[in-house]
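Coordinate analysis (summary)
What follows is each chain in one-letter form.
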Amino acid sequence: DYIFLPSETTIKYLSKKLIYFLKNQNNKIPKLINTGYLKLDHVKKKLSYSSNKRDSILIAPSATHVMNNISTELSKIIETLLESIEEKIVYRPHPYDLTKKGNINFVEKIIKKFEKNKNFSADLSQSYLKSYSSAKFLITDSSNTAYTFAYSTLRPILFYSKNEKELSKAKIISLIYFQDRLKVGYVLKNVNQILLKVQKLNIMKSKFKKRIINLRKKRIKYLDKSLKKTHDEILNIIE
């Protein structure tokens, strides 16, 4: 009967989907309620206790079966970064690819190829808090971790997206996720651009911090108050 969601953006998106799938059925459309982003509040609070040095670049892709994923260029990206910059490179594979249903073989190949390099490490832990706290910025593709990272750390994102034309044809590009990318970072269309984009992110990090704060205010209504909002809404329902 009720679905709690983290933002007005997700409410609008899910509302359209529910209307479409339930329009010819007798099922009642559930009430969608914005109760804030519980996960973001939790991560943000935990990170506030961290004193880790920001000396790494975190690479956290979506699962390898997802459209527009970074997997085909991941090895080249890591290799290029290790050869050209001093920062540590932390590879955090998508949790799905660490399962039998995912692509554990791909993950193992990447780790084996670079494990002898002192500046490379893989984070296979259940929690990404340590990787978040020590990262100067994040490289991803279309993973939702992009905005969780940006909103919790106020640090920018480098989106690798080689299939912009295909995204446009599929009309996915019109989603808020893709519209907001340039407000929190840069879009990278090929590996040859990566060093230049990394340099720009280092220069622009203060400006991106301000942009991310402004976007977070716009997208997340109950920042740091989601638990109370959720509690209050549950009481309103059961009373």
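Just above, that's the structure.
Notes on the structure follow. (Residues numbered from 1 in each chain as written. Predicted model: local features only at pLDDT ≥ 70, side-chain atom pairs only at ≥ 80, totals over all residues. Heavy atoms only, no water.)

Some points on helix α6 (residues 145-153)
To keep it simple, the criterion reads: Only protein chains enter the calculation, and the probe is 1.4 Å; a residue is then buried if its accessible area is under 20% of its type maximum, exposed if over 50%, and partly exposed in between. Only DSSP runs of H or I reaching four residues or more are called helices, and only runs of E reaching two or more are called strands; each is numbered from the N terminus.
Counting buried positions along α6 gives 9 out of 9 residues, so the element sits mostly inside the fold. Listing the buried residues of α6 in full gives T145, A146, Y147, T148, F149, A150, Y151, S152 and T153. With its phi angle positive at about 65 degrees, L154 sits one or two positions after the end of α6.

Notes on the pattern of salt bridges
To keep it simple, the criterion reads: We count a salt bridge whenever a side-chain nitrogen from Lys or Arg sits within 4 Å of a carboxyl oxygen from Asp or Glu.
Applying the stated criterion across every chain yields a total of 9 salt bridges. Its salt-bridge partner being K162, residue E73 comes within 3.6 Å of it at the nearest N-O pair. Placement of E73 in helix α3 (residues 71-84) and of K162 in the loop between β7 (157-160) and α7 (164-169) is noted, with a sequence separation of 89 residues between them. By relative accessible area, E73 is classed as buried at 19%. You can call K162 partly exposed: its relative accessible area is 34%. With a shortest N-O distance of 3.1 Å, D123 and R92 are connected by a salt bridge. Taken together, the residues span a long stretch of sequence, with D123 in the loop between β5 (120-122) and α5 (129-134) and R92 in the loop between β4 (88-91) and α4 (104-114) at a distance of 31 residues. Take D123 and R92: they sit in the same class, and that class is buried. Via salt bridges that share partners, D180, K183 and R219 belong to a single interconnected network.

Examining the sheet that holds β4
Counted only if it meets this: Pairing between strands is defined by DSSP: at least two bridges between the two strands are required. Note on method: axes are straight lines fitted to C-alpha atoms, helices fitted across the in-contact stretch only, with angles between N-to-C directions ranging 0 to 180 degrees.
Spatially, the 6 strands line up as an open sheet ordered β5-β4-β3-β6-β7-β8, and their pairing is parallel. The sheet is open, and its two borders are formed by β5 and β8 (185-188), each paired with just one other strand. Here the average twist between neighbouring strands, direction ignored, is 20 degrees. The pairing of strand β6 (residues 135-140) with β7 spans 3 bridges and is parallel.

Examining the side chain of E73
For clarity, the cut-off: For this analysis, a polar contact is any N or O atom pair within 3.5 Å, provided that within protein one partner can donate a hydrogen and the other can accept it, and provided that sequence-adjacent residues contribute only side-chain to side-chain pairs. Only heavy atoms matter for contacts: two residues are in contact if any of them lie within 4.5 Å across the pair.
A polar contact is formed between the side chain of E73 and the side chain of T72, at a distance of 2.5 Å. Discounting chain neighbours no more than four positions away, the residues touching E73 are Y160, K162 and V191.

Some points on the nonpolar core
Basically, it comes down to this: Here, nonpolar core refers to any group of buried Ala, Val, Leu, Ile, Met, Phe, Trp, Tyr and Cys residues whose side-chain atoms link them within 4.5 Å.
Residues I78, L81, I139 and I194 are the most contacted members of the largest nonpolar core, which totals 29 residues. Those elements that provide at least two residues to this core are β3 (56-59), α3, β4, α4, β6, β7, β8 and α10 (194-219). In terms of nonpolar packing, the next biggest core, distinct from the first, is built from 27 residues, V43, Y147, I157 and I220 among them.

Quick look at the packing of aromatic side chains
Selection criterion: Stacked, tilted and edge-to-face are the three classes assigned to paired rings of Phe, Tyr and Trp, where Trp is represented by its six-membered ring and a pair needs centres within 6.5 Å; plane angles under 30 degrees give stacked, over 60 edge-to-face, the rest tilted.
Under the counting rule described, the total for this entry stands at 10 aromatic pairs. When the centroid spacing of 5.1 Å and the interplanar angle of 85 degrees are considered together, the rings of Y20 and F21 count as edge-to-face. Of the two residues examined, Y20 and F21, each falls in the exposed class. Geometrically, the ring pair formed by Y147 and F159 is tilted, given 6.1 Å between the ring centres and 40 degrees between the ring planes.

Keep in mind that these numbers describe shape and distance, not what the molecule does.
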